Amino acid sequence: MNDSTPNTPATDENHLIAERRGKLARLRAEGVAYPNDFCPDARAAHLHQAYDNLDKDALAAQETQVRVAGRMMLKRIMGKASFATLQDGSGRIQIFLDRNKLGEACYADFKTWDIGDIVGVEGTMFKTNKGELSVHASAIRLLSKSLRPLPDKFHGLADQEMRYRQRYVDLIMADDTRRTFLARSKAMASIRQFMVEADFLEVETPMLHPIPGGAAAKPFTTHHNALDMDMYLRIAPELYLKRLIVGGFDRVFEINRNFRNEGVSPRHNPEFTMMEFYAAYTNYHWLMSFTESLLRQAATDATGSAVLTYQGETVDLSQPFDRLTIVQAIQKYTEGYTDTQLHDAVFLRHELRRLGADIDGPVLGRAGTGALQLALFEETAEAKLWNPTFIIDYPVEVSPLARASDKQADITERFELFITGREIANGFSELNDPEDQAARFQAQVQAKDAGDEEAMYYDADYIRALEYGMPPTGGCGIGIDRLVMLLTDSPSIRDVILFPHLRRED
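What you see is a predicted model, and the numbers here were worked out from it, not measured in a lab. Within each chain, residue numbers correspond to sequence positions counted from 1 in written order. Residues qualify for local features only when their pLDDT is at least 70, as the model is predicted, and side-chain atom pairs are given and counted only at 80 or more; totals for whole chains, interfaces and linings, by contrast, use all residues. Hydrogen atoms and water are omitted, and side-chain values are computed over all heavy atoms in the structure.

### With respect to the overall build of the protein chain
Per the secondary structure count, the protein chain includes 17 helices and 18 strands. The C-alpha extent of the protein chain, read off along each of the three principal axes, is 85 × 65 × 55 Å. In this scheme, a residue with accessible area under 20% of its type's maximum is buried, one over 50% is exposed, and one in between is partly exposed, where area comes from a 1.4 Å probe on protein chains only. Per-residue burial for the protein chain yields a buried fraction of 49% across its 506 residues. Look at the contacts in the protein chain between residues 6 or more apart in sequence, and 66% of them connect residues 24 or more apart. Computed with a 1.4 Å probe, the accessible areas rest on the Shrake-Rupley method; for each residue, only the protein chains presented here act as cover. Of the accessible surface of the protein chain, which amounts to about 25,500 Å², a share of 50% is contributed by carbon and sulfur atoms. Side chains of the protein chain carry 57 positive and 74 negative charges; the gap between the two charge centres is 8 Å. Helix numbering and strand numbering both begin at the N terminus, where a helix is a DSSP run of H or I of at least 4 residues and a strand a DSSP run of E of at least 2. Should any heavy atoms of two residues lie within 4.5 Å, those residues are counted as being in contact. Two residue types count as positive, namely Lys and Arg, and two as negative, namely Asp and Glu; His and chain ends fall outside the count. Think of each charge as sitting on NZ of Lys, CZ of Arg, CG of Asp or CD of Glu.

### Thoughts on the nonpolar core
We call a set of buried Ala, Val, Leu, Ile, Met, Phe, Trp, Tyr and Cys residues a nonpolar core when their side-chain atoms join them within 4.5 Å. In this structure, Met195, Met275, Phe277 and Ile478 are the most contacted members of the largest nonpolar core, which totals 45 residues. Per-element accounting of this core gives the leading share, 9 residues, to helix H10 (residues 284-303). Those residues within four positions of Met195 in sequence are excluded, and the remaining contacts are Phe200, Phe253, Met275, Phe277, Phe290 and Leu294. Counting residues in hydrophobic clusters, the runner-up holds 26 residues, among them Met72, Cys106, Val121 and Val135.

### Remarks on helix H14 (residues 369-380)
The length a helix should cover is 1.5 Å for every residue beyond the first. Taking 1.5 Å per residue, 12 residues should reach 16 Å; H14 reaches 16 Å between its end C-alpha atoms and fits that length. For H14, the tally of buried residues reaches 9 of 12 residues, placing the bulk of the element in the interior. Those residues of H14 that sit buried are Gly370, Ala371, Leu372, Gln373, Leu374, Ala375, Leu376, Phe377 and Thr380. Each element contacted by the buried residues of H14 is listed here: helix H11 (326-333), helix H12 (339-342), helix H13 (345-354), strand E15 (389-392) and strand E16 (414-419).

### Some words on the sheet that holds strand E5 (residues 133-144)
Strand pairing follows a simple DSSP-based rule, namely that at least 2 bridges must link the two strands. Taken together, the 5 strands give a closed barrel; going around it, the order is E1-E2-E3-E5-E4, and neighbouring strands pair in mixed fashion. Averaged over all adjacent pairs, the angle separating strand axes in this sheet is 55°, with direction ignored. Here 7 bridges tie strand E1 (residues 65-78) to strand E4 (residues 118-127), and the two strands are oriented antiparallel to one another. If you follow Arg71 over to E4, its bridge partner there is Ile118. Only C-alpha atoms enter the line fits that serve as axes; for helices the fit covers just the stretch in contact. Angles between N-to-C directions range over 0 to 180 degrees. Of the strands in this sheet, E1, strand E2 (81-87), strand E3 (92-98) and E5 are in contact with helix H5 (residues 104-112), which crosses E1 at around 60°.

### Digging into unusual backbone geometry
One non-glycine residue, Asp228, lies in positive phi territory at about 50°. Tracing the sequence through the fold places Asp228 in the loop between strand E8 (221-224) and strand E9 (229-233). Taking relative accessible area as the criterion, Asp228 reaches 59% and is therefore assigned exposed. One non-glycine residue, Asp489, lies in the positive phi region at around 55°.

### Comments concerning the packing of H11 against H14
One can describe the packing of H11 onto H14 by two numbers: an axis separation of 9 Å at closest approach and a directional angle of 30°. The crossing of H11 and H14 is left-handed. On H14, the residues touching Ile326, Val327, Ala329 and Ile330 of H11 are Gln373, Leu374, Leu376, Phe377 and Thr380. In this classification, Asp, Glu, Lys and Arg are treated as charged, Ala, Val, Leu, Ile, Met, Phe, Trp, Tyr, Cys and Pro as nonpolar, and every other residue, Gly included, as polar. Split into classes, the residues belonging to the contact of H11 with H14 amount to 7 nonpolar, 2 polar and no charged. Crossings are assigned a handedness: left-handed for a near helix turned anticlockwise from the far helix by less than a right angle, right-handed for a clockwise turn.

### Side note on the environment of Tyr240
Structurally, Tyr240 is set in helix H9 (residues 238-246). Sequence spacing of Tyr240 and His209 is 31 residues, and the spatial spacing of their C-alpha atoms is 9.8 Å. Sequence-distant contacts of Tyr240, that is, excluding residues within four places in its chain, are made with Thr205, Pro206, His209 and Pro210.

### Description of the packing of helix H8 (residues 175-197) against helix H17 (residues 480-488)
Two elements in contact, H8 and H17, have axes whose closest approach is 10 Å; the angle formed by their N-to-C orientations is 120°. Classified by the angle their axes make, H8 and H17 are oblique. Regarding H8 and H17, the two cross each other, and that crossing is right-handed. Packed against H8, whose contacting residues are Thr180, Ala183, Arg184, Ala187, Met188 and Ile191, the element H17 presents Ile480, Asp481, Leu483, Val484, Leu487 and Thr488 at the interface. Broken down by class, the residue content of the contact of H8 with H17 amounts to 8 nonpolar, 2 polar and 2 charged. Roughly parallel refers to an angle under 35 degrees, roughly antiparallel to one over 145, roughly perpendicular to one between 65 and 115, and oblique to any angle outside these ranges.

### Quick word on the sheet that holds strand E14 (residues 322-325)
Sheet architecture is open: 8 strands sit in the order E6-E10-E11-E18-E17-E16-E15-E14, paired in mixed fashion. Of all strands in the sheet, those with a lone pairing partner are strand E6 (201-202) and E14, marking the two edges. Across 2 bridges, E6 lies against strand E10 (residues 251-259) in parallel orientation. Opposite Glu202, over in E10, you have Phe253 as the bridge partner. Strand contacts of H9: E10, strand E11 (271-280), strand E17 (422-429) and strand E18 (473-479), with the helix running at about 25° to E11, the strand carrying the most contacts.

### Quick word on H10
Over its 20 residues, H10 extends 28 Å from the first C-alpha to the last, a length consistent with the 28 Å expected when each residue adds 1.5 Å. The complete set of buried residues in H10 reads Tyr284, Leu287, Met288, Phe290, Thr291, Glu292, Leu294, Leu295, Arg296, Ala298, Ala299 and Ala302. Near the N-terminus of H10, the side chain that reaches the backbone nitrogen of His285, with its oxygen 3.0 Å away, is that of Asn283. Downstream of H10 by a residue or two, Gly304 has a phi angle that is positive, lying close to 95°. Polar contacts here mean pairs of N or O atoms no more than 3.5 Å apart (in protein, one a potential hydrogen donor and the other a potential acceptor; neighbouring residues in sequence count only if both atoms are side-chain atoms).

Okay, structure coming up:
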């Protein structure tokens, strides 16, 4: 009878780690185990860009000397000569190692190194007989010993949660992951350039707030010991940015991190990135046109086209975005609702109850017709807004910071932009009447007292700022994470955040 315990992936990994620790111990005994005196002068992508189109003889004639460094991802030992592939932050380059050129000792050391080790190479550019661009190594050094084995190269990190939790390994192994975050960086750079060219000033506002404001959301609470006061992580920068409009900066924007103590889902992370901007002497019609142009440019700069593919379907940002009221959207994307029904609060409550909405809860229990219309839109039409669509003219009761329409007192000059069924942006003509704003804040306080945890606080200092006078202003917030989901064909917000929040590993 065999009483031995079969090896598991975990025990195999532990054995490999022990072997690598033994190699590291020998390195320490011989001298510096983690040297810091090698400086590369070339990157893989630049080498391919410069030399891929040269033929073998022309490249050999140049005798170009380079120093490259990166993580060893492939290794082929072939007697007196070997090949390795190094990966740096830009891509991969092949290395050719000749025992006669490197010397017996160096070549013998190389053969003991492991996949995942970080090495530095000096050598000459050339092409193999198969035409692959390579570096013929004249010297090679181990710069950083990898103690943990990388995942299987064909499968990478198969567990999705592990990819989020160990993003550093995911980035090493997955080209698609690296491309996602390169696209995110390009989109951010494009947005900044677009804003600066439109005469916006980039600013920074506080992340710790004495009063949470600027959005309907539940905040994270903390305590400042020196001031002995509770403070809140920012749920939105809006009220501070509008204080700057009062102060005379006519166009401001901030790419900001916000925090909301709410659920986690494919669309929600408690810490997320927004870009908010405010422009004096503009209104929500101007904002919609500006936002449309901004997103079209960001898509083009990040992906090369304003026509995208998301989850197998086309999303065309190159065409003018649709503009619909809440009622128009319900009627366009559903069947059977009449104008009379959609303006009847009793019918709306009955229909929402039939659809399973919490009609008696703290949010909808006190809702008027406009808020009930919005709730029905969210239940029936929102998810169907695949192509870019501005939903306009939101009710006053759900828009405490937006300017009311001069033509219809119960709606505001507000829009939300939806693409692939998700809200991407929210903007409006700003409420700059201090007395109206004070009354709206007071209504929010009453809603909070009635049990609405996301209702806003009364911000007396913001009212004081408005009392000095704020010019007519338009403002908009764009969800950067959701935009990047669209640009990179990513189904979950966690795919576009480098380190998304997860439950503790234990």
